[in-house]
Amino acid sequence: MTESMAAPQARGKKYKDAIFGASNAAQADIQANGKDKVVNGTAGVIQDETGTLVCLPTVEKTYRALPMTEIIAYAPVAGLPAFLKDAQECCFGDYRPEGYTVAVATTGGTGAIHHIIHNYTCPGDEVLTADWYWSAYQMLCADAGRSLRTFRLIGEDGGFDHEDFQRQLSAMADRQEQLAVVLNTPAHNPTGYSLTDEDWDRIFDFLKTLVARGRKITVLVDVSYIDYAGPGARAFFRKFSGLPPEILIVTAFSMSKSFTMYGVRVGAMIGLSSSEAVAREFAEVNTYTNRATWSNNSRGGMACLVRIWEDPALRRQYQAEQEQYYQLIQERAAIFVKEAKEAGLPMLPYQSGFFLSIPSPDAGKVCALLQKKHIYLVPLRAGVRVAVCAIPKAKMHGLAGAIRDAMVEAGQL
Ligand SMILES: Cc1ncc(COP(=O)(O)O)c(C=O)c1O
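Scoring rules and cut-offs
- Residues numbered from 1 in each chain as written.
- Predicted model: local features only at pLDDT ≥ 70, side-chain atom pairs only at ≥ 80, totals over all residues.
- Heavy atoms only, no water.
- Helix = DSSP H or I, 4+ residues; strand = E, 2+ residues; numbered from the N terminus.
- Buried < 20%, exposed > 50% of the residue type's maximum accessible area, 1.4 Å probe, protein only.
- Polar contact = N/O pair within 3.5 Å; in protein donor to acceptor, adjacent residues only side chain to side chain.
- Contact = heavy atoms within 4.5 Å.
- Right-handed = clockwise from strand over helix to strand, strands pointing away.
- Patch = residues over 30% accessible without salt bridge, like charges linked within 9 Å, V, L, I, M, F, W, Y side chains within 5 Å.
- Areas by Shrake-Rupley, 256 points an atom, 1.4 Å probe, with all protein chains shown as cover.
- Salt bridge = Lys/Arg side-chain N within 4 Å of Asp/Glu carboxyl O.
- Near = heavy atom within 4 Å.
- Nonpolar A, V, L, I, M, F, W, Y, C, P; charged D, E, K, R; others polar.
- Expected span 1.5 Å × (residues − 1).
- Disulfide = S-S within 2.5 Å.

Trainee: How should the side chain of Ser-194 be read in this particular structure?
Mentor: Note that Ser-194 resides in the loop between β5 (178-184) and α8 (197-212). Assessed through its relative accessible area of 12%, Ser-194 is described here as buried. A distance of 2.9 Å separates a polar side-chain atom of Ser-194 from the backbone nitrogen of Ala-187. Those residues in contact with Ser-194 that sit more than four places away from it in its chain are Thr-185, Pro-186, Ala-187, Gln-351 and Ser-352.

Trainee: Even after reading the chapter, I still don't get the pairing of strand β3 (residues 126-130), so can you show me in this structure?
Mentor: Every other side chain in a regular strand lies on the same face of the sheet, so the side chains alternate between the two faces. Counting buried residues along β3, five of its five residues qualify, which places the element largely inside the surrounding structure. Running through helix α6 (residues 136-143), the crossover from β3 to the neighbouring parallel element strand β4 (residues 147-151) is right-handed.

Trainee: Can you help me understand a nonpolar patch on the surface in this one?
Mentor: Nonpolar side chains collect at one region of the surface, where Tyr-15, Phe-20 and Met-139 lie side by side and expose about 340 Å² of accessible area between them. Structurally, Met-139 is set in helix α6. What makes Met-139 partly exposed here is its relative accessible area of 37%.

Trainee: Sorry, what's going on with the site of the ligand here?
Mentor: In the vicinity of the ligand, 15 residues are found, and the nearest of them are Thr-110, Asp-222, Tyr-225, Ser-254 and Ser-256. At 2.6 Å, a side-chain N or O of Ser-256 approaches an oxygen atom of the ligand. Relative to its free-state accessible area of 400 Å², the ligand is covered by the protein chains to the extent of 92%. Contributing elements (two or more residues each) for the shell around the ligand: α5 (108-120) and α9 (255-258). The element contributing the most residues to the shell around the ligand is α5, with three residues. In terms of residue class, the shell around the ligand is built from three nonpolar, nine polar and three charged.

Trainee: Sorry, what's going on with helix α12 (residues 312-343) here?
Mentor: An α-helical turn contains 3.6 residues, so any two residues separated by three or four positions project in the same direction. Between its terminal C-alpha atoms α12 stretches 46 Å, which fits the 46 Å expected from 32 residues at 1.5 Å a residue. For α12, the N-terminal capping position is held by Asp-311, with its side-chain oxygen 3.0 Å away from the main-chain nitrogen of Ala-313.

Trainee: What's the story with the state of the cysteines in this structure? I'm lost.
Mentor: Throughout this description, disulfide means a covalent bond between two cysteine sulfur atoms. Enumeration according to the criterion identifies zero disulfides in this entry. You can see Cys-55 has no disulfide; the closest cysteine sulfur is in Cys-304, sitting 8.2 Å from it. Residue Cys-55 is classed as partly exposed on the basis of its relative accessible area of 33%. Sulfur of Cys-90: no disulfide; nearest cysteine sulfur belongs to Cys-91 and is 7.4 Å away.

Read these as layout, nothing more, since geometry by itself doesn't imply function.
Shown next, in the form of C-alpha coordinates:
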(Lines give C-alpha, C1' and ligand atoms only; values in the text may rest on other atoms or scores of the structure.)
Protein backbone atom coordinates (compact mmCIF):
# COMPACT_ATOMS: atom_id res chain seq x y z
CA MET A 1 0.00 0.00 0.00
CA THR A 2 1.33 3.43 -0.88
CA GLU A 3 2.53 5.65 1.92
CA SER A 4 2.85 8.76 -0.18
CA MET A 5 0.41 10.48 -2.47
CA ALA A 6 2.50 13.64 -2.77
CA ALA A 7 3.98 14.42 -6.18
CA PRO A 8 7.73 13.79 -6.47
CA GLN A 9 8.77 17.41 -5.89
CA ALA A 10 6.61 17.63 -2.76
CA ARG A 11 7.71 14.38 -1.10
CA GLY A 12 9.65 14.72 2.14
CA LYS A 13 8.64 18.33 2.77
CA LYS A 14 8.26 18.84 6.51
CA TYR A 15 7.88 22.06 8.45
CA LYS A 16 10.29 21.95 11.37
CA ASP A 17 10.83 25.30 12.96
CA ALA A 18 13.54 25.80 15.58
CA ILE A 19 11.69 28.89 16.80
CA PHE A 20 8.41 27.17 17.55
CA GLY A 21 10.20 24.20 19.12
CA ALA A 22 12.03 26.45 21.60
CA SER A 23 8.89 28.52 22.14
CA ASN A 24 6.82 25.44 23.01
CA ALA A 25 9.47 24.32 25.50
CA ALA A 26 9.37 27.79 27.11
CA GLN A 27 5.57 27.69 27.36
CA ALA A 28 5.68 24.28 29.03
CA ASP A 29 8.24 25.59 31.54
CA ILE A 30 6.06 28.64 32.26
CA GLN A 31 3.08 26.33 32.91
CA ALA A 32 5.15 24.18 35.25
CA ASN A 33 7.23 26.79 37.09
CA GLY A 34 5.57 30.17 36.56
CA LYS A 35 6.36 33.16 34.35
CA ASP A 36 8.85 34.78 36.70
CA LYS A 37 11.29 31.86 36.59
CA VAL A 38 11.48 31.66 32.81
CA VAL A 39 13.38 33.81 30.27
CA ASN A 40 11.58 33.40 26.97
CA GLY A 41 13.71 34.94 24.24
CA THR A 42 12.20 32.95 21.38
CA ALA A 43 9.30 35.01 20.03
CA GLY A 44 9.88 37.59 17.30
CA VAL A 45 7.17 39.88 18.63
CA ILE A 46 7.21 42.83 21.01
CA GLN A 47 6.34 41.90 24.56
CA ASP A 48 6.07 44.52 27.28
CA GLU A 49 7.85 44.53 30.62
CA THR A 50 5.30 42.06 32.02
CA GLY A 51 5.89 39.64 29.14
CA THR A 52 2.54 40.40 27.46
CA LEU A 53 2.19 40.66 23.67
CA VAL A 54 1.95 44.33 22.65
CA CYS A 55 -0.55 45.84 20.23
CA LEU A 56 0.11 49.53 19.59
CA PRO A 57 -2.93 51.23 21.22
CA THR A 58 -3.73 53.41 18.18
CA VAL A 59 -3.72 50.35 15.96
CA GLU A 60 -6.10 48.50 18.28
CA LYS A 61 -8.47 51.45 18.58
CA THR A 62 -8.53 52.05 14.82
CA TYR A 63 -8.93 48.41 13.83
CA ARG A 64 -11.75 47.84 16.32
CA ALA A 65 -13.58 50.93 15.00
CA LEU A 66 -13.65 49.69 11.40
CA PRO A 67 -17.14 48.90 10.07
CA MET A 68 -17.64 45.16 9.71
CA THR A 69 -18.06 45.49 5.95
CA GLU A 70 -14.59 47.06 5.74
CA ILE A 71 -13.18 43.95 7.39
CA ILE A 72 -15.07 41.19 5.60
CA ALA A 73 -15.41 42.49 2.04
CA TYR A 74 -13.05 41.41 -0.74
CA ALA A 75 -10.34 43.88 -1.64
CA PRO A 76 -9.02 44.56 -5.15
CA VAL A 77 -6.42 41.94 -6.12
CA ALA A 78 -3.60 44.53 -6.26
CA GLY A 79 -4.72 46.08 -2.95
CA LEU A 80 -6.88 49.06 -1.96
CA PRO A 81 -5.69 52.07 -4.01
CA ALA A 82 -5.42 54.31 -0.92
CA PHE A 83 -3.37 51.64 0.83
CA LEU A 84 -0.98 51.35 -2.12
CA LYS A 85 -0.37 55.09 -1.98
CA ASP A 86 -0.12 55.36 1.81
CA ALA A 87 2.04 52.25 2.23
CA GLN A 88 4.66 53.87 0.01
CA GLU A 89 4.64 57.04 2.12
CA CYS A 90 4.74 55.03 5.30
CA CYS A 91 7.64 52.96 4.01
CA PHE A 92 9.82 55.69 2.49
CA GLY A 93 8.99 58.57 4.87
CA ASP A 94 10.97 61.67 3.85
CA TYR A 95 13.37 59.62 1.73
CA ARG A 96 11.34 58.50 -1.25
CA PRO A 97 13.82 57.54 -3.99
CA GLU A 98 13.48 59.07 -7.44
CA GLY A 99 12.10 56.86 -10.19
CA TYR A 100 8.89 55.04 -10.97
CA THR A 101 7.53 53.42 -7.84
CA VAL A 102 4.58 51.08 -7.81
CA ALA A 103 3.11 49.01 -4.98
CA VAL A 104 1.24 45.70 -4.91
CA ALA A 105 -0.32 44.46 -1.67
CA THR A 106 1.07 41.21 -0.29
CA THR A 107 0.61 38.90 2.67
CA GLY A 108 3.31 40.63 4.68
CA GLY A 109 6.97 40.61 3.74
CA THR A 110 6.73 36.86 3.16
CA GLY A 111 4.40 37.44 0.23
CA ALA A 112 6.81 39.91 -1.37
CA ILE A 113 9.70 37.45 -1.13
CA HIS A 114 7.51 34.70 -2.57
CA HIS A 115 6.59 36.80 -5.59
CA ILE A 116 10.16 37.93 -6.27
CA ILE A 117 11.39 34.35 -6.35
CA HIS A 118 8.43 33.39 -8.52
CA ASN A 119 8.56 36.23 -11.02
CA TYR A 120 12.16 37.43 -11.13
CA THR A 121 14.16 34.18 -11.08
CA CYS A 122 13.96 31.03 -13.23
CA PRO A 123 13.29 27.46 -12.04
CA GLY A 124 16.57 25.95 -10.80
CA ASP A 125 18.15 29.36 -10.12
CA GLU A 126 19.92 30.37 -6.96
CA VAL A 127 18.92 33.38 -4.85
CA LEU A 128 21.56 35.17 -2.79
CA THR A 129 21.27 36.29 0.83
CA ALA A 130 23.51 36.68 3.88
CA ASP A 131 24.74 33.66 5.88
CA TRP A 132 22.72 34.88 8.87
CA TYR A 133 19.21 34.80 7.51
CA TRP A 134 15.56 34.35 8.41
CA SER A 135 14.95 30.63 7.79
CA ALA A 136 11.81 31.14 5.68
CA TYR A 137 14.01 32.52 2.87
CA GLN A 138 15.39 29.03 2.33
CA MET A 139 11.95 27.41 2.40
CA LEU A 140 10.47 29.96 0.02
CA CYS A 141 13.24 29.18 -2.47
CA ALA A 142 13.07 25.41 -2.06
CA ASP A 143 9.29 25.32 -2.39
CA ALA A 144 9.56 27.14 -5.72
CA GLY A 145 12.30 24.88 -7.11
CA ARG A 146 15.05 27.43 -6.45
CA SER A 147 17.86 27.31 -3.89
CA LEU A 148 19.39 29.77 -1.50
CA ARG A 149 23.06 30.69 -1.74
CA THR A 150 24.71 32.73 1.01
CA PHE A 151 27.56 35.21 1.38
CA ARG A 152 29.31 36.02 4.64
CA LEU A 153 27.49 39.02 6.13
CA ILE A 154 30.15 40.26 8.53
CA GLY A 155 33.80 40.28 7.50
CA GLU A 156 36.96 40.35 9.61
CA ASP A 157 36.69 44.14 10.03
CA GLY A 158 33.23 43.82 11.63
CA GLY A 159 31.41 45.34 8.63
CA PHE A 160 29.59 44.07 5.53
CA ASP A 161 31.77 41.52 3.73
CA HIS A 162 31.83 43.03 0.24
CA GLU A 163 34.48 40.63 -0.99
CA ASP A 164 32.39 37.57 -0.29
CA PHE A 165 29.21 39.26 -1.53
CA GLN A 166 30.93 39.95 -4.85
CA ARG A 167 32.48 36.48 -5.03
CA GLN A 168 29.16 34.70 -4.54
CA LEU A 169 27.18 36.92 -6.87
CA SER A 170 29.84 36.67 -9.58
CA ALA A 171 29.65 32.88 -9.36
CA MET A 172 25.88 33.09 -9.81
CA ALA A 173 26.26 35.51 -12.72
CA ASP A 174 28.44 32.94 -14.51
CA ARG A 175 25.40 30.68 -14.71
CA GLN A 176 22.29 32.87 -14.51
CA GLU A 177 20.96 35.79 -16.47
CA GLN A 178 18.39 36.76 -13.85
CA LEU A 179 19.91 37.46 -10.45
CA ALA A 180 17.97 38.02 -7.23
CA VAL A 181 19.49 39.24 -3.98
CA VAL A 182 17.63 39.49 -0.67
CA LEU A 183 19.04 41.99 1.83
CA ASN A 184 17.35 42.40 5.19
CA THR A 185 18.23 45.83 6.50
CA PRO A 186 18.00 47.99 8.59
CA ALA A 187 17.93 46.12 11.92
CA HIS A 188 18.66 42.75 10.35
CA ASN A 189 17.10 39.56 11.69
CA PRO A 190 18.92 37.92 13.48
CA THR A 191 21.96 40.17 14.10
CA GLY A 192 20.62 43.74 14.42
CA TYR A 193 23.11 44.92 11.77
CA SER A 194 22.24 47.74 9.32
CA LEU A 195 23.99 48.38 6.03
CA THR A 196 25.73 51.76 5.84
CA ASP A 197 25.38 54.29 3.01
CA GLU A 198 28.88 53.32 1.94
CA ASP A 199 27.85 49.65 1.83
CA TRP A 200 25.04 50.58 -0.57
CA ASP A 201 27.41 52.61 -2.78
CA ARG A 202 29.79 49.69 -3.05
CA ILE A 203 26.97 47.23 -3.71
CA PHE A 204 25.54 49.32 -6.54
CA ASP A 205 29.00 49.94 -8.04
CA PHE A 206 29.43 46.19 -8.20
CA LEU A 207 25.91 45.47 -9.51
CA LYS A 208 26.54 47.91 -12.36
CA THR A 209 29.53 45.79 -13.46
CA LEU A 210 27.18 42.81 -13.69
CA VAL A 211 24.69 44.87 -15.69
CA ALA A 212 27.57 45.64 -18.08
CA ARG A 213 27.90 41.83 -18.46
CA GLY A 214 24.26 41.65 -19.57
CA ARG A 215 22.75 40.55 -16.27
CA LYS A 216 19.38 41.65 -14.81
CA ILE A 217 19.35 42.06 -11.07
CA THR A 218 16.47 42.31 -8.62
CA VAL A 219 17.36 43.50 -5.13
CA LEU A 220 14.70 42.65 -2.57
CA VAL A 221 15.20 44.96 0.38
CA ASP A 222 13.43 43.41 3.34
CA VAL A 223 12.67 46.32 5.69
CA SER A 224 10.50 44.38 8.15
CA TYR A 225 12.15 46.02 11.17
CA ILE A 226 12.67 49.55 9.82
CA ASP A 227 10.40 51.21 12.38
CA TYR A 228 12.57 49.92 15.21
CA ALA A 229 15.84 51.06 13.65
CA GLY A 230 15.85 54.59 14.99
CA PRO A 231 16.01 58.07 13.53
CA GLY A 232 17.74 58.29 10.16
CA ALA A 233 17.00 54.64 9.39
CA ARG A 234 15.31 55.59 6.11
CA ALA A 235 18.06 57.80 4.64
CA PHE A 236 19.47 54.90 2.61
CA PHE A 237 16.37 54.87 0.39
CA ARG A 238 17.84 57.87 -1.45
CA LYS A 239 20.66 55.58 -2.63
CA PHE A 240 18.13 53.84 -4.86
CA SER A 241 17.66 56.85 -7.16
CA GLY A 242 19.05 56.87 -10.69
CA LEU A 243 19.94 53.19 -11.07
CA PRO A 244 19.94 51.56 -14.52
CA PRO A 245 16.68 49.83 -15.55
CA GLU A 246 18.45 46.46 -15.31
CA ILE A 247 18.53 46.91 -11.55
CA LEU A 248 15.06 46.59 -10.06
CA ILE A 249 14.68 47.49 -6.40
CA VAL A 250 11.81 45.87 -4.55
CA THR A 251 11.17 47.02 -1.02
CA ALA A 252 9.25 44.52 1.11
CA PHE A 253 7.13 46.60 3.45
CA SER A 254 5.30 44.79 6.24
CA MET A 255 2.62 45.79 8.72
CA SER A 256 3.54 42.82 10.94
CA LYS A 257 6.07 44.65 13.09
CA SER A 258 5.39 48.26 12.07
CA PHE A 259 1.74 48.02 13.15
CA THR A 260 2.09 45.01 15.49
CA MET A 261 -0.37 43.22 13.20
CA TYR A 262 1.61 40.01 12.71
CA GLY A 263 -1.36 37.74 12.12
CA VAL A 264 -3.38 40.13 9.97
CA ARG A 265 -0.96 39.35 7.11
CA VAL A 266 -0.64 42.63 5.24
CA GLY A 267 2.31 44.24 3.54
CA ALA A 268 3.29 45.58 0.16
CA MET A 269 6.00 45.00 -2.37
CA ILE A 270 7.13 48.34 -3.72
CA GLY A 271 8.93 48.21 -7.04
CA LEU A 272 11.27 51.02 -8.04
CA SER A 273 12.75 51.41 -11.49
CA SER A 274 14.12 54.14 -13.70
CA SER A 275 12.01 52.57 -16.46
CA GLU A 276 8.26 53.20 -16.55
CA ALA A 277 7.75 50.00 -18.55
CA VAL A 278 9.58 47.90 -15.94
CA ALA A 279 7.45 49.47 -13.18
CA ARG A 280 4.25 48.78 -15.13
CA GLU A 281 5.30 45.19 -15.72
CA PHE A 282 6.05 44.87 -11.99
CA ALA A 283 2.46 45.81 -11.15
CA GLU A 284 1.08 43.44 -13.77
CA VAL A 285 3.08 40.29 -13.03
CA ASN A 286 2.77 40.59 -9.28
CA THR A 287 -0.95 41.39 -9.31
CA TYR A 288 -1.38 38.28 -11.47
CA THR A 289 0.61 36.20 -8.96
CA ASN A 290 -1.51 37.62 -6.12
CA ARG A 291 -4.61 36.25 -7.85
CA ALA A 292 -2.88 32.95 -8.55
CA THR A 293 -1.56 32.51 -5.01
CA TRP A 294 -3.92 33.92 -2.36
CA SER A 295 -6.31 36.03 -4.46
CA ASN A 296 -6.57 39.22 -2.42
CA ASN A 297 -5.40 40.53 0.94
CA SER A 298 -6.97 41.45 4.26
CA ARG A 299 -9.10 44.50 3.57
CA GLY A 300 -9.33 45.37 7.26
CA GLY A 301 -5.56 45.47 7.67
CA MET A 302 -5.17 47.77 4.67
CA ALA A 303 -8.06 50.00 5.79
CA CYS A 304 -6.49 50.30 9.24
CA LEU A 305 -3.25 51.65 7.79
CA VAL A 306 -5.14 54.12 5.60
CA ARG A 307 -7.19 55.46 8.53
CA ILE A 308 -4.14 55.96 10.70
CA TRP A 309 -1.94 57.39 7.97
CA GLU A 310 -4.50 59.87 6.63
CA ASP A 311 -5.43 61.30 10.04
CA PRO A 312 -2.57 63.55 11.24
CA ALA A 313 -3.43 63.15 14.94
CA LEU A 314 -3.69 59.35 14.71
CA ARG A 315 -0.50 59.18 12.70
CA ARG A 316 1.40 61.22 15.30
CA GLN A 317 0.06 59.05 18.12
CA TYR A 318 0.95 55.86 16.27
CA GLN A 319 4.48 57.07 15.58
CA ALA A 320 4.94 58.11 19.22
CA GLU A 321 3.86 54.64 20.39
CA GLN A 322 6.28 53.01 17.99
CA GLU A 323 9.08 55.29 19.21
CA GLN A 324 8.37 54.24 22.79
CA TYR A 325 8.91 50.56 21.90
CA TYR A 326 11.98 51.35 19.83
CA GLN A 327 13.48 52.99 22.94
CA LEU A 328 12.49 50.08 25.17
CA ILE A 329 14.15 47.55 22.84
CA GLN A 330 17.28 49.74 22.67
CA GLU A 331 17.45 49.82 26.47
CA ARG A 332 17.11 46.04 26.71
CA ALA A 333 19.79 45.47 24.09
CA ALA A 334 22.13 47.98 25.75
CA ILE A 335 22.04 45.92 28.96
CA PHE A 336 22.99 42.80 27.03
CA VAL A 337 25.72 44.43 24.93
CA LYS A 338 27.37 45.95 28.03
CA GLU A 339 27.30 42.69 29.96
CA ALA A 340 28.50 40.67 26.94
CA LYS A 341 31.52 42.94 26.71
CA GLU A 342 32.23 42.57 30.43
CA ALA A 343 31.82 38.78 30.23
CA GLY A 344 33.98 38.43 27.11
CA LEU A 345 31.08 37.00 25.11
CA PRO A 346 31.52 37.55 21.35
CA MET A 347 28.44 38.77 19.49
CA LEU A 348 27.50 40.04 16.06
CA PRO A 349 27.47 43.84 15.66
CA TYR A 350 24.04 44.93 16.98
CA GLN A 351 22.65 48.36 16.15
CA SER A 352 18.91 47.99 16.50
CA GLY A 353 15.96 45.72 15.96
CA PHE A 354 14.20 42.74 17.47
CA PHE A 355 17.19 40.34 17.67
CA LEU A 356 20.85 39.99 18.48
CA SER A 357 23.05 36.97 17.86
CA ILE A 358 25.95 35.09 19.38
CA PRO A 359 28.14 33.07 17.00
CA SER A 360 28.37 29.39 17.95
CA PRO A 361 29.54 26.27 16.09
CA ASP A 362 26.82 24.23 17.83
CA ALA A 363 24.01 26.51 18.95
CA GLY A 364 21.72 23.57 19.73
CA LYS A 365 24.08 22.41 22.46
CA VAL A 366 24.29 25.89 24.02
CA CYS A 367 20.51 26.36 23.92
CA ALA A 368 19.96 22.93 25.51
CA LEU A 369 22.28 23.84 28.39
CA LEU A 370 20.51 27.19 28.83
CA GLN A 371 17.12 25.47 29.00
CA LYS A 372 18.27 23.73 32.17
CA LYS A 373 18.44 27.23 33.65
CA HIS A 374 14.97 28.12 32.33
CA ILE A 375 16.42 30.28 29.51
CA TYR A 376 14.91 29.72 26.06
CA LEU A 377 16.69 31.06 22.97
CA VAL A 378 16.65 29.99 19.33
CA PRO A 379 19.47 27.81 17.94
CA LEU A 380 20.35 28.82 14.37
CA ARG A 381 22.88 27.24 12.01
CA ALA A 382 25.47 29.92 12.75
CA GLY A 383 24.67 30.77 16.36
CA VAL A 384 22.20 31.63 19.09
CA ARG A 385 19.42 34.20 18.51
CA VAL A 386 18.19 36.36 21.37
CA ALA A 387 14.81 38.06 20.89
CA VAL A 388 15.37 41.35 22.73
CA CYS A 389 11.93 42.45 21.57
CA ALA A 390 10.40 39.94 23.97
CA ILE A 391 12.59 39.93 27.09
CA PRO A 392 11.82 42.41 29.91
CA LYS A 393 14.75 44.53 31.11
CA ALA A 394 14.92 42.80 34.51
CA LYS A 395 15.51 39.48 32.73
CA MET A 396 18.16 40.91 30.41
CA HIS A 397 20.47 41.31 33.41
CA GLY A 398 22.67 38.23 33.73
CA LEU A 399 21.65 36.78 30.36
CA ALA A 400 24.98 37.43 28.59
CA GLY A 401 26.84 35.82 31.51
CA ALA A 402 24.56 32.78 31.40
CA ILE A 403 25.21 32.32 27.67
CA ARG A 404 28.94 32.72 28.23
CA ASP A 405 28.83 30.04 30.97
CA ALA A 406 26.87 27.67 28.72
CA MET A 407 29.37 28.17 25.91
CA VAL A 408 32.26 27.47 28.28
CA GLU A 409 30.47 24.32 29.48
CA ALA A 410 29.93 23.29 25.86
CA GLY A 411 33.65 23.75 25.18
CA GLN A 412 33.01 26.62 22.75
CA LEU A 413 34.75 29.42 24.63
C1 LIG B 1 13.63 39.15 8.17
C2 LIG B 1 12.17 38.92 8.04
N3 LIG B 1 11.61 39.14 6.87
C4 LIG B 1 10.30 38.96 6.68
C5 LIG B 1 9.50 38.53 7.71
C6 LIG B 1 8.09 38.30 7.35
O7 LIG B 1 7.17 38.81 8.11
P8 LIG B 1 5.70 39.04 7.57
O9 LIG B 1 5.45 38.11 6.45
O10 LIG B 1 4.85 38.78 8.73
O11 LIG B 1 5.70 40.46 7.11
C12 LIG B 1 10.04 38.28 8.97
C13 LIG B 1 9.22 37.78 10.08
O14 LIG B 1 9.65 37.33 11.08
C15 LIG B 1 11.41 38.49 9.14
O16 LIG B 1 12.03 38.28 10.30
